[in-house]
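# Analysis of the macromolecular model
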Amino acid sequence: MDSSGVELRQLRCLVAIIDEGGFTDAAAVLGVSQAAVSRTLASLERALGVRLLRRTSRMVTPTATGLRVAAHARRVLGEVDTLVREATSGHTRLRVGYAWAALGRHTLAFQRRWAAERPQTDLQLVRVNSGSAGLAEGACDLAVLRREPTDRRFDSAIVGLERRLCALAADDPLARRRSVRLADLGGRTLLIDRRTGTTTPELWPPDARPATEETHDVDDWLTVIATGRSIGMTAESTTDQYPRPGVVYRPVRDAEPVAVRLVWWRDDPHPATQAVLELLTTLYRAQ
């Protein structure tokens, strides 16, 4: 058997013969001659070293091995079709990844303005809790991040700034204040997501840093904070995307704002990158 000699056209030929019940109809479906179908099938059997079909004067039926090979062939061909769609849909589909909170209160405006101004490109927002919000994993074409990417394969640009807020249980004594300071939080336990979050203990002086616990999902983060066991600090967008009974958000007066970045592949940017960059910058400037 020489698996390196197996070609997609051979797999399509086998599937067509089985589906159509014979060489003649398979040839019509494939748009080739019956002789070409016979040659292609014979070359596949030689490459695999097995008999795939039983031929009689009246009908063609797959062998047991032929059925197994055909099942694998269907999966392979399906994956190839998916690959082709993914590779060729770049101009008609745009996937924007984010880890926690998309664009906050600008999310809906972004979706509606994009649909109105560029209806030819379908916009999809994709939540992926990874350091690149799905960009490195191939789950999106552009990503919204709230910290500078360290992967040198990416380029990025700041589209806006968001206030930094503290998330507290509704019955926490600090919840009665209109705002808080970093010093107010130093003795508390801070719930953070090191992969995607914007908050680290380095926001505080070395001698006044809070204890930390880790989480990996915004819903879990909110659930724990609501119990009063921990507090959180997050970008303003989280407050718009995730209002939660039992949790209140208060501005942190002396904390630097969070930069919102659009991130893309340096060597292969999506054709709509500049348009997204301009629209997001406009939305954040208008706030």
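Structure shown above.
Please read all numbers here as calculations on a predicted model, not as lab measurements. (Residues numbered from 1 in each chain as written. Predicted model: local features only at pLDDT ≥ 70, side-chain atom pairs only at ≥ 80, totals over all residues. Heavy atoms only, no water.)

## Examining the sheet that holds strand S11 (residues 247-251)
To keep things clear, this is the line we draw: Strand pairing is assigned whenever DSSP identifies at least 2 bridges connecting the two strands. A run of H or I in DSSP counts as a helix once it spans at least four residues, and a run of E counts as a strand once it spans at least two, with each numbered from the N terminus. Only C-alpha atoms enter the line fits that serve as axes; for helices the fit covers just the stretch in contact. Angles between N-to-C directions range over 0 to 180 degrees.
Strand order in this open sheet of three strands is S10-S7-S11, and the pairing throughout is antiparallel. The open sheet has two free edges, formed respectively by strand S10 (232-235) and S11, since each of these has just one partner strand. Averaged over all pairs of adjacent strands, the angle between strand axes in this sheet comes to 35°, irrespective of strand direction. Pairing of strand S7 (residues 164-169) with S11, which is carried by five bridges, proceeds in the antiparallel orientation. Bridge assignment links Ala-167 to a residue of S11, and that residue is Tyr-249.

## Observations concerning the pattern of salt bridges
Put simply, the rule reads: By salt bridge we mean one thing: a side-chain nitrogen of Lys or Arg within 4 Å of a carboxyl oxygen of Asp or Glu. With a 1.4 Å probe rolled over the protein chains alone, any residue whose accessible area is under 20% of its type maximum counts as buried; one over 50% counts as exposed, and the rest are partly exposed.
A complete count under the given rule lists 16 salt bridges for this structure. One salt bridge connects Arg-95 with Asp-141, and the closest N-O pair in it is separated by 3.2 Å. In this pair, Arg-95 sits in strand S3 (residues 93-98) while Asp-141 sits in the loop between strand S4 (122-127) and strand S5 (142-145), placing the two residues 46 residues apart along the sequence. According to the relative accessible area criterion, Asp-141 is buried, its value standing at 17%.

## Regarding the pairing of S5
Burial along S5 is two-sided: Leu-142 and Val-144 and Ala-143 and Leu-145, pointing in opposite directions, are all buried. As paired strands, S3 and S5 are joined by three bridges and run parallel to one another. Paired with Val-96 across the two strands is Leu-142, which belongs to S5. In terms of strand pairing, S5 meets strand S12 (residues 258-265) through three bridges, oriented antiparallel. Among the inter-strand pairings, Leu-145 is bridged to a residue of S12, identified as Arg-261.

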